Amino acid sequence: MTVSLPQRARDLVLLASLPDPYPVYRALRERSPAHRIAERNTVLLSRHADCDLVLRSPEVFSSRAQAGMDPVLIGADPPEHTRMRRFLAKAFSPAQVAPWEDFVRETARDLVGRMRRAGGPVDLVEGFTVPLPLAVMRELLQIPVALTPRFRQWTDAMSVAANGTLRTLEPAAIQAA
């Protein structure tokens, strides 16, 4: 079987939604372990040793080199990354998030209940994995429930700005022949 390798940034996002992405992962490791995605000026590494080398060498492989990346947590290099991570770790410690446990559990139960009542196949991303963190962020930021659709638009816009894509793309972009 011949496997097509991802050519565009959106192909990488869609790869995870394939029923069986492992042949593509295997092909990347074997045929193109440092696979270039030209439109994003990005190299996709598919071997553990290569990823480990890059992550342990920020002086050579800087996160800031990513086009459009602001020096926030994911786009920062040590020591800024370490400082920000340490700060955030305190904010998300078990003691800090414990008061939110009931809200998160209740919201999760509600979302699962909605999917069950819908009957038939459901889209887990649209029915659960997007609305749950969206509801938690909305509560943390004290955004009224009535503004949830607008808040979703804002988060989608931020996702497009950061990643250049949204989940609404068709999985047919990656095909295994």
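Anything mentioned here points back to the structure above.
Predicted model, so just to flag it, every value in this text is computed and none were measured.

Some words on helix α2 (residues 22-31)
No. 1: Within α2, burial applies to P23, V24, A27 and L28. Along the axis of α2, the buried positions cluster into a sector of 140°, meaning they face one direction only. Within α2, the exposed residues directed more than 90 degrees away from the buried face are Y22 and E30.

Observations concerning the pairing of strand β1 (residues 34-37)
No. 1: Going residue by residue along β1, you find H35 and I37 tucked away on one face and A34 and R36 left uncovered on the opposite face.
No. 2: Examined bridge by bridge, β1 and strand β2 (residues 42-45) share 4 bridges and lie antiparallel to one another. What sits directly across from I37, in β2, is T42.
No. 3: Between β1 and β2, which pair antiparallel in sequence order, lie 4 residues; one of them, N41, sits at a positive phi of approximately 50°.

Some words on the environment of H35
No. 1: Following the sequence through the fold, H35 ends up in strand β1.
No. 2: Exposure remark for H35: the relative accessible area of 7% places this residue in the buried category.
No. 3: For the pair H35 and L45, spaced 10 residues apart in the sequence, the C-alpha separation amounts to 6.4 Å.
No. 4: Beyond its immediate stretch of four places on either side in the chain, H35 contacts L5, P6, Q7, L28, T42, V43 and L44.
No. 5: Polar side-chain contacts of H35 include one of 2.9 Å to the side chain of S32.

So, how was this worked out
Residues numbered from 1 in each chain as written. Predicted model: local features only at pLDDT ≥ 70, side-chain atom pairs only at ≥ 80, totals over all residues. Heavy atoms only, no water. Buried < 20%, exposed > 50% of the residue type's maximum accessible area, 1.4 Å probe, protein only. Helix = DSSP H or I, 4+ residues; strand = E, 2+ residues; numbered from the N terminus. Arc of directions from axis to C-beta. Pairing = 2+ DSSP bridges. Contact = heavy atoms within 4.5 Å. Polar contact = N/O pair within 3.5 Å; in protein donor to acceptor, adjacent residues only side chain to side chain.

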